[in-house]
Amino acid sequence: MAIYLLFMVAPIIVYFIMGLFSNKSINENAKLKSRYLIVCGIIMTLMIGLRHPRVGSGDTMFYYTNWEMMSEISISRLFALNLDLEMGYQLFVWLFSQVFHNGQWLLLLSGAFFAISVCFFMKRNCKNVVLALLVFNCLGLFNFMVQGLRQAIAMCICLWAIEQCKKKKLFPFLLLVLGKYSYKHCNHSIFLFLLSFFS
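A brief structural summary.

Brief notes about the packing of helix α2 (residues 30–49) against helix α6 (residues 104–125)
Okay, step 1: α6 packs onto α2 with a crossing angle of 155° between their chain directions and a minimal axis gap of 8 Å. Viewed along their axes, α2 and α6 adopt a mutual orientation that is roughly antiparallel. Considering only the axes of α2 and α6, their crossing is right-handed. From α2, Lys33, Ser34, Leu37, Gly41, Met44, Thr45, Ile48 and Gly49 reach across to α6, where they touch Gln104, Leu107, Leu108, Gly111, Ala112, Phe114, Ala115, Val118, Cys119, Met122 and Lys123.

Re the packing of helix α3 (residues 58–70) against helix α5 (residues 87–99)
Okay, step 1: For the pair α3 and α5, interaxial distance at closest approach is 8 Å and the crossing angle is 60°. The orientation of α3 with respect to α5, classified from their angle, is oblique. Crossing of α3 against α5: the hand is right-handed. Every residue of α5 that contacts α3 at Tyr63, Asn66, Trp67 and Met70 is listed here: Tyr89, Gln90, Phe92, Val93, Trp94, Phe96, Ser97 and Gln98.
Okay, step 2: In terms of residue class, the contact of α3 with α5 is built from eight nonpolar, four polar and no charged.

Thresholds applied
- Residues numbered from 1 in each chain as written.
- Predicted model: local features only at pLDDT ≥ 70, side-chain atom pairs only at ≥ 80, totals over all residues.
- Heavy atoms only, no water.
- Axes fitted to C-alpha atoms, helices over the stretch in contact; angles between N-to-C directions.
- Helix = DSSP H or I, 4+ residues; strand = E, 2+ residues; numbered from the N terminus.
- Parallel < 35°, antiparallel > 145°, perpendicular 65-115°, else oblique.
- Left-handed = near helix turned anticlockwise from the far one by under 90°.
- Contact = heavy atoms within 4.5 Å.
- Nonpolar A, V, L, I, M, F, W, Y, C, P; charged D, E, K, R; others polar.

Given below as structure tokens:
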């Protein structure tokens with residue numbers, strides 16, 4: 001429980017500490033805004049990545065041991081496994097577990113992906129990143145990233161897809177949506193809604 005509360009106050013603490021060293025507003029200075037998001041992103045990565053696998057839902061320990069099991073099998077055996085997991089997720093785990101055998105890497109790599117996705121999205125779309133991080137926490141999205149690993153990966157892929165939608169780049173958007181689908185089979189109404197922006 002302490003991990004959630006700690007990250008709830010981390011954006012405020014970082015904001016006040018950075019305010020001590022600068023007389024400029026974080027939200028009005030692009031350089032300070034980037035530094036703020038980098039510091040908060042590092043904190044998010046470390047809090048998600050360095051936690052014990054028993055912190056979070058019971059699924060986390062399953063994903064952790066699955067990572068270690070995948071590090072010991074060949075690609076041909078991967079396709080023969082009958083796991084109730086999406087193929088995109090299984091390929092991701094198999095590929096990275098061949099390089100990083102310890103299951104803790106799953107938490108670190110997913111934590112880094114979450115932090116980069118959220119902070120990049122906020123930098124591009126939020127005028128007030130301090131408030132955006134507070135809302136992110138108050139809505140329980142940090143908690144969600146600790147609890148629902150595959151769902152959080154799919155959500156972060158969607159954040160990247162939204163950027164492609166805003167640029168009206170249909171092909172990269174469709175690739176990202178298909179990538180999201182290979183991680184978590186979700187409701188496609190948001191896809192249809194975003195697709196309407198291309199017409």
